2 protein chains.
Amino acid sequence: MIKLGNLEIGEKTHIVGVIPGEKFLKEVTNTTIDILELRIDRFDNLEPNFLIETIKDLRKKTTLPLLATIRRKEETDFKPPKHILSEKERLNLFKQVIPFVDGVDIELQAKEIISPVINFAKGKKKTLIISYHNFKETPGNEKLGIIVKEAKRKGADIVKIATYAKNIDDVARLMCFTYQCSQKPLVSISLGKIGSISRIIGSVFGSCLTYAFLDESKNGQLSIKELVDTINRIYERR
Amino acid sequence: MIKLGNLEIGEKTHIVGVIPGEKFLKEVTNTTIDILELRIDRFDNLEPNFLIETIKDLRKKTTLPLLATIRRKEETDFKPPKHILSEKERLNLFKQVIPFVDGVDIELQAKEIISPVINFAKGKKKTLIISYHNFKETPGNEKLGIIVKEAKRKGADIVKIATYAKNIDDVARLMCFTYQCSQKPLVSISLGKIGSISRIIGSVFGSCLTYAFLDESKNGQLSIKELVDTINRIYERR
């Protein structure tokens, strides 16, 4: 069983509350979520000491597992990115924060730094999410299978696939791919307006995590309340 | 393209409002539904003349396509059944009402009368739904495939599968079966409390109809409003 902090991953869908910048830290009071993700690339202040103190303060406020993500600029869902970090800078940031969190998310397509990030995270016994983003399309099932296999081969504890849904068929296909995929735990999300239902129904098809921003104003996202209520209703009916 | 009355079936998920008895006829004012199903086995009065007059009155009130269902007592979702009709009585009722409706639902497992009902409906150029109910389990995919094929072979315009979901996996499996089934149009519904989400997400996976009772008090069903709002939101996002 894969764990993130003390949380066992895979039995049910856990809700990740995303903190997209330091000003949202004060909103970390929501006890209905299961995991917190620090989207460090959305913070104004990237000073390592500030980030480490921020994480330590969070630990006093909450016992939720913490996930560190410094999204690669080419794969950010926010356009434009807040910082234009070189891969070397990003690697350095990862090394500073990884010791203080429970897990880390690194992009499969981050060719330059994926290996050192993985090695560093594994050395610190942290849970490793390897993520794949595609804002243009949902690749065919064969390509999706190759992506999952490659991420697993590199040592992913959890594979995350987030791909743009052009139509409802793309959503159905990704959900069925997830259901039928033997390489669990897997997170799958259809991006875009049509895709937002995947954040709820992923829990039916075996997606182990679903993400919602603590800042509930973000376009196209579901609110945490909407997610929690709906997913709990699905599980209550089990 | 299969039609039910003037409605083309299969392009999107249509909502069937079920009339479970004569006292619910007055509730036929909801313009947000697409089709009306007369659950004749739930009517108190089974006099053919009364039923025919009822259907004629409905035609004055609404232009929605009408579907006649006289559910076989072994397959009714209401326990106990209101009437204990012999198959001969049921066949006779079918013959009386079929000329006045747009489509008819007959059970694949109604061995004694399925052929004459089909022949009669085809003779009257009515749309034919062949349905399969299983209140104990969701059969394996191979068996589901055989059911669909058999219904198609018998002349079904639309095949309807309604099977009990013991767990969320049964829901996911039926939805993926529906998505991957080449024999459309297909209706698929997971029965039971866990399964009720299938009435909404079936629209993502290609189920062409979803059913809700005009009597919104029925246990385990979603209300028409809940169905319509959610499904419309899915389609708006297309």
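Refer to the structure printed above.
Parameters and conventions
Residues numbered from 1 in each chain as written. Chains lettered and ligands numbered in written order. Predicted model: local features only at pLDDT ≥ 70, side-chain atom pairs only at ≥ 80, totals over all residues. Heavy atoms only, no water. Helix = DSSP H or I, 4+ residues; strand = E, 2+ residues; numbered from the N terminus. Rg over C-alpha atoms; globule rule 2.2 N^0.38 Å. Buried < 20%, exposed > 50% of the residue type's maximum accessible area, 1.4 Å probe, protein only. Contact = heavy atoms within 4.5 Å. Lys, Arg positive; Asp, Glu negative; His and termini not counted. Charge placed at Lys NZ, Arg CZ, Asp CG, Glu CD. Buried area = accessible area lost by both parts, 1.4 Å probe. Salt bridge = Lys/Arg side-chain N within 4 Å of Asp/Glu carboxyl O. Polar contact = N/O pair within 3.5 Å; in protein donor to acceptor, adjacent residues only side chain to side chain. Nonpolar A, V, L, I, M, F, W, Y, C, P; charged D, E, K, R; others polar. Least-squares fit on C-alpha atoms with pLDDT ≥ 70 in both. Pairing = 2+ DSSP bridges. Right-handed = clockwise from strand over helix to strand, strands pointing away. Axes fitted to C-alpha atoms, helices over the stretch in contact; angles between N-to-C directions. Left-handed = near helix turned anticlockwise from the far one by under 90°.

Hey, could you run me through the overall build of chain A in this one?
Regarding its fold elements, chain A presents 7 helices and 10 strands. Over its C-alpha atoms chain A spans a radius of gyration of 17 Å, differing by no more than 12% from the 18 Å that the globule rule assigns to 238 residues. Principal axes of the C-alpha set define a box for chain A whose edges measure 45 × 35 × 35 Å. Here chain A holds 238 residues, and the buried ones make up 60% of them. Considering only contacts within chain A whose residues lie at least 6 apart along the sequence, 67% involve residues at least 24 apart. Distance between charge centroids for chain A: 3 Å, based on 40 positive and 31 negative side chains.

Mind showing me how you'd approach the interface of chain A and chain B here?
Tallying the contact residues gives 21 residues for chain A and 21 residues for chain B. Across the interface of chain A and chain B, roughly 2,100 Å² is buried in total on both sides, 69% from carbon and sulfur atoms. Taken together, the connections running from chain A to chain B amount to 0 salt bridges. Along the contact surface separating chain A from chain B lie 3 residue pairs in polar contact (both at pLDDT 80 or more). Elements supplying a minimum of two residues to the side of chain A that touches chain B: helix 5 (168–180), helix 6 (198–205) and helix 7 (224–236) of chain A. It is helix 5 of chain A that provides the largest number of residues to the side of chain A that touches chain B, a total of 9 residues. Split into classes, the residues belonging to the side of chain A that touches chain B amount to 12 nonpolar, 2 polar and 7 charged.

Just checking my understanding: could you explain the pattern of salt bridges for this structure?
When the charged atoms of two side chains with opposite charge come close together, those side chains can pair. Applying the stated rule across the entire model yields 28 salt bridges over all chains. For Asp102 of chain B, the salt bridge is made with Arg59 of chain B, and the minimal N-O distance between the two is 2.9 Å. With Asp102 of chain B in the loop between helix 2 (87–97) and strand 6 (103–107) and Arg59 of chain B in helix 1 (residues 48–61), the pair connects residues that are 43 residues apart, well separated along the chain. Shared partners join several salt bridges into a network, and the residues in it are Arg71, Glu87, Arg90, Asp105 and Glu107 of chain A.

Hey, could you run me through the relation of the copies chain A and chain B in this one?
Mapping between the two copies of the chain is achieved by a rotation about an axis and a shift along the axis. For the match of chain A to chain B, the screw axis carries a shift of 0.0 Å, the RMSD comes to 0.0 Å, and the turn is 180°. Look at the turn and shift together and you get a two-fold axis relating the two. Distance from the rotation axis, computed per C-alpha, reaches its smallest value in chain A at Cys176 of chain A: 2.7 Å. Both copies present the same face, since 100% of the interface residues in chain A are matched by interface residues at the equivalent positions in chain B.

Quick question: what am I supposed to make of unusual backbone geometry here?
Working note: non-glycine residues mostly have negative phi, and peptide bonds are mostly trans. Residue and element names in this part refer to chain A. For the bond running from Lys79 to Pro80, omega is -5°, close enough to zero to count as cis. The phi angle at Lys125 is positive, at roughly 60°, despite the residue not being glycine. Relative to the assigned elements, Lys125 resides in the loop between helix 3 (114–123) and strand 7 (127–134).

Looking at this structure, I do not really get the side chain of Thr54 of chain B. What am I missing?
Residues and elements named next belong to chain B. Within the fold, Thr54 resides in helix 1. Classification of Thr54 by relative accessible area gives buried; the value is 8%. A distance of 2.8 Å separates the side chain of Thr54 from the backbone oxygen of Phe50, its partner in a polar contact. Discounting residues that sit within four places of it in the chain, Thr54 has contacts with Leu25 and Phe43.

Got a minute to help me understand the pairing of strand 5 (residues 66–69) of chain A in this structure?
Two faces make up the sheet, and in a regular strand the side chains alternate between them. Residues and elements named next belong to chain A. Burial along strand 5 is two-sided: the face carrying Leu66 and Ala68 and the face carrying Leu67 and Thr69 are both buried. Of the strand pairs in this sheet, strand 4 (residues 35–39) and strand 5 are connected by 4 bridges, and their pairing is parallel. From the neighbouring strand, Glu37 faces strand 5, where its bridge partner is Leu67. A crossover links strand 4 with its parallel partner strand 5, the connecting element being helix 1 (residues 48–61), and its sense is right-handed. Relative to strand 6 (residues 103–107), strand 5 runs parallel, the two being bridged by 3 bridges.

Is there a simple way to explain the packing of helix 1 of chain A against helix 2 (residues 87–97) of chain A in this structure?
Packed helix pairs are characterised by how far apart their axes lie and by the angle those axes make with each other. Residues and elements named next belong to chain A. Axis separation between helix 1 and helix 2 bottoms out at 10 Å; the angle between their running directions is 35°. The interaxial crossing formed by helix 1 with helix 2 has right-handed handedness. Contacts between helix 1 and helix 2 involve Pro48, Leu51, Ile52 and Ile55 on the former and, on the latter, Leu93, Gln96 and Val97. Looking at the contact of helix 1 with helix 2 residue by residue, the classes come out as 6 nonpolar, 1 polar and no charged.

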